[in-house]
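In case you want the letters, here they are:
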Amino acid sequence: MGSDDAYAGWQEVADRCFVHRYEHLDVSATVVIGNDSVLVIDTRASRVEGEQLAGQVRALTALPVRAVANTHVHFDHLFGNGAFPGVPLIAHESVPVDLPAHQARVKALYEAEADSDRDAVLATLVVPPDTAFSSVWALDLGERHIELAHLGRGHTAGDIVVRVPDADVVCAGDLVEESAHPSFGSDSFPMEWGRTLESLSELLGAGTVVVPGHGSAVDREFVLTQRLDVVDVAEQIRELSAAGVPLNEALARGRWPFPREALEDAVARGYAQLR
Ligand SMILES: [Zn+2]
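Now for a quick tour of the structure. (Residues numbered from 1 in each chain as written. Predicted model: local features only at pLDDT ≥ 70, side-chain atom pairs only at ≥ 80, totals over all residues.)

## Digging into the environment of Asp 159
Inclusion rule: The numbering of helices and of strands both runs from the N terminus, where a helix is a DSSP run of H or I of at least 4 residues and a strand a run of E of at least 2. Counts of 20 or more other C-beta atoms within 10 Å of a residue's own C-beta define buried residues, counts of 12 or fewer define exposed ones, and intermediate counts define partly exposed ones; C-beta atoms are placed from the backbone.
In this structure, Asp 159 sits in the loop between strand E9 (145-149) and strand E10 (161-164). For Asp 159, a count of 30 C-beta atoms within 10 Å puts it in the buried group. C-alpha of Asp 159 to C-alpha of Asp 174: the two residues are 15 residues apart in sequence and 7.7 Å apart in space.

The structure is reproduced here in structure tokens:
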């Protein structure tokens, strides 16, 4: 390892598992260091941000980056992929399929933004994942075995979790959020998310460190509590739909665990998925 400066911004949440939480979009990237190589999990929201991350990884360790994993298709987790040339980019098989439409939607949104990061996002030539899997994948970083798994749909169609068994760490992407409510977007699966979180919770012990896509590391209790709220959203959507409440009245009628204005897509997606 390098000097103290090498650790600037990194938090070692468990043995050789480093998380960097960034101000822009409050997104986190994680680096897992083995005996002969390194795994980078998520690459931030633009090529420029990916390059900064790659530099911070090089400062942290002299070991080569064996692979990059993208926890899901969203731009703030993979637009920096191009900063890791020649490195396998691992993701769920739906990610390269869904990425062109997501990229177009994000760039259209940023076109209209006066955001200071606008130019960096728009200038990014997005490099899609080239190593896709359907349910499970494994990696060896040298005396350190990594498991990657798609436990089901939820925040998106292609959420994966990355598990470091020897350190008892799980990176959960945006299946779990700490600094904001779970994000139900127009590409979410609200009726399935709770079941996916149940599968995730079965991988967690009392001491497991869970790294969310946004916010501080959490534990199993936090995941179980957030799962109850996600299940509550789905159950209310199911009840409203079964009672014949029209979609345009459903949002106003529910007693939601999250702010109503954040659940417009959840209700629309839920109704569509129940039809
Ligand atoms: Zn996301």
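On we go from here.
## Quick look at the sheet that holds strand E5 (residues 65-69)
Sheets are built from strands paired through backbone hydrogen bonds, the pairs being either parallel or antiparallel. Using the following cut-off: What makes two strands pair is DSSP finding at least two bridges between them. Between N-to-C directions, angles cover 0 to 180 degrees, with each direction set by a line fitted to C-alpha atoms, over the stretch in contact for helices. Placing C-beta atoms from the backbone, we regard two residues as in contact once those atoms come within 7 Å.
Reading across from one edge, E1-E2-E3-E4-E5-E6-E7 is the order of the seven strands in this open sheet, with mixed pairing throughout. Both outer strands of the open sheet, strand E1 (10-14) and strand E7 (131-133), are each paired with one neighbouring strand and no more. The average undirected angle you get between the axes of adjacent strands in this sheet is 25°. Sheet topology places strand E4 (residues 38-41) next to E5; four bridges connect them, and they run parallel. Considered in E5, the bridge of Val 40 is made with Val 68. With respect to the sheet, helix H1 (residues 47-60) is in contact with E1, strand E2 (17-21), strand E3 (28-33), E4 and E5, its orientation differing from that of E3 by roughly 30°.

## Points about helix H5 (residues 190-201)
Three- or four-residue spacings in an α-helix give side chains the same orientation, since the helix completes a turn every 3.6 residues. Put simply, the test is: One less than the number of residues in a helix, times 1.5 Å, gives the span that helix is expected to have.
With 12 residues, H5 extends 17 Å between its outermost C-alpha atoms, agreeing within 8% with the 16 Å of an ideal straight helix rising 1.5 Å per residue. Listed as buried for H5 are Pro 190, Met 191, Trp 193, Gly 194, Thr 196, Leu 197 and Leu 200. Where the residues of H5 are buried, they touch E10, strand E11 (169-177), helix H6 (220-242) and helix H8 (264-274).

## Some words on the sheet that holds E9
Pairing is mixed across the open sheet formed by five strands, whose spatial order is E8-E9-E10-E11-E12. Whereas interior strands pair on both sides, the edge strands pair on one side only; in this sheet they are strand E8 (136-140) and strand E12 (209-214). The sheet shows a mean angle of 25° between the axes of neighbouring strands, direction not considered.

What is shown is where atoms sit, not what they do.
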